[in-house]
Amino acid sequence: MDQLIQKLGNEAVFRVDKFVVPAEAREEILRKVRATHELLRLQQGFVQDFLLEKFSGPGEFNLVTIVEWESQAAVDNVVPIVKAAHERAGFNPQETIARLGVRADIANYQRLPEM
């Protein structure tokens, strides 16, 4: 088990946030996402990010963000930085999501080995 945890800690981590955003909440959510991603891009271990909006297809999620980090350690280091920045700005993500009627599916992912 320790080898698995060590291996996971040294591989890229992809934070994928998927949202169902009502049309009337779109602009506010996009402002918050963009501000958060500006901060993320400055952090050690950040690799790249994407902000995607659905334009066709039957899927329920209409906004997706993906951030690639060098490792789980980079993710662990950035969490308190983002939390503190949100607190200073008076931004509570959970409250905002609930107030705007947004549904979210948030998780970290890793690449599967090549086949």
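Higher on the page you've got the structure.
Going through the model one piece at a time under the given rule, you end up with eight salt bridges. Across the pair Glu27 and Arg26 runs a salt bridge whose closest N-O atoms are separated by 2.5 Å. Residue classification places Glu27 among the partly exposed positions, given a relative accessible area of 44%. Taking the relative accessible area as the measure of exposure, Arg26 reaches 31% and is therefore partly exposed. Glu95 is the partner of Arg99 in a salt bridge, and the nearest nitrogen-oxygen pair spans 3.4 Å. With Arg99 and Glu95 both in helix α4 (residues 93-100) and four residues apart, the pair spans about one turn of that helix. Of the residues examined, Arg99 reaches a relative accessible area of 45% and is grouped as partly exposed. On the accessibility criterion, Glu95 (40% relative accessible area) is partly exposed. A cluster of three or more residues bridged by salt bridges with shared partners is formed by Arg26, Glu27 and Glu53.

Okay, the packing of helix α2 (residues 26-40) against helix α3 (residues 72-89) next. For the pair α2 and α3, the least separation of the axes is 11 Å and the interaxial angle reads 135°. Relative to α3, α2 is oriented oblique. Considering how the two elements wind past one another, α2 and α3 form a crossing that is right-handed. Contact residues: α2 offers Thr36, Leu39 and Leu40, while α3 offers Val78, Ile81, Val82, Ala85 and His86. Considered class by class, the residues forming the contact of α2 with α3 number six nonpolar, two polar and no charged.

Right, let's talk about α2 for a bit. With 15 residues, α2 should reach 21 Å at 1.5 Å per residue; the first-to-last C-alpha distance of 21 Å fits that figure. Among all positions of α2, only Glu28, Ile29, Leu30, Val33, Thr36, His37 and Leu40 are buried. Looking at the packing, one finds that the buried side of α2 touches β2 (46-53), β3 (63-69), α3 and α4.

The strand order across the open sheet built from four strands is β2-β3-β1-β4, with neighbouring strands paired in antiparallel fashion. The sheet terminates laterally at β2 and β4 (103-109), the two strands that pair on one side only. On average, each strand axis in the sheet is inclined to that of its neighbour by 10°, with strand direction left out of account. Bridging between β2 and β3 involves seven bridges; their strand directions are antiparallel. Looking at the pairing, Leu51 lines up with Thr65 of β3. Helix-sheet contacts for α3 involve β1 (13-20), β3 and β4, and the interaxial angle to β3 is about 115°.

About the criteria used
Residues numbered from 1 in each chain as written. Predicted model: local features only at pLDDT ≥ 70, side-chain atom pairs only at ≥ 80, totals over all residues. Heavy atoms only, no water. Salt bridge = Lys/Arg side-chain N within 4 Å of Asp/Glu carboxyl O. Buried < 20%, exposed > 50% of the residue type's maximum accessible area, 1.4 Å probe, protein only. Helix = DSSP H or I, 4+ residues; strand = E, 2+ residues; numbered from the N terminus. Axes fitted to C-alpha atoms, helices over the stretch in contact; angles between N-to-C directions. Parallel < 35°, antiparallel > 145°, perpendicular 65-115°, else oblique. Left-handed = near helix turned anticlockwise from the far one by under 90°. Contact = heavy atoms within 4.5 Å. Nonpolar A, V, L, I, M, F, W, Y, C, P; charged D, E, K, R; others polar. Expected span 1.5 Å × (residues − 1). Pairing = 2+ DSSP bridges.

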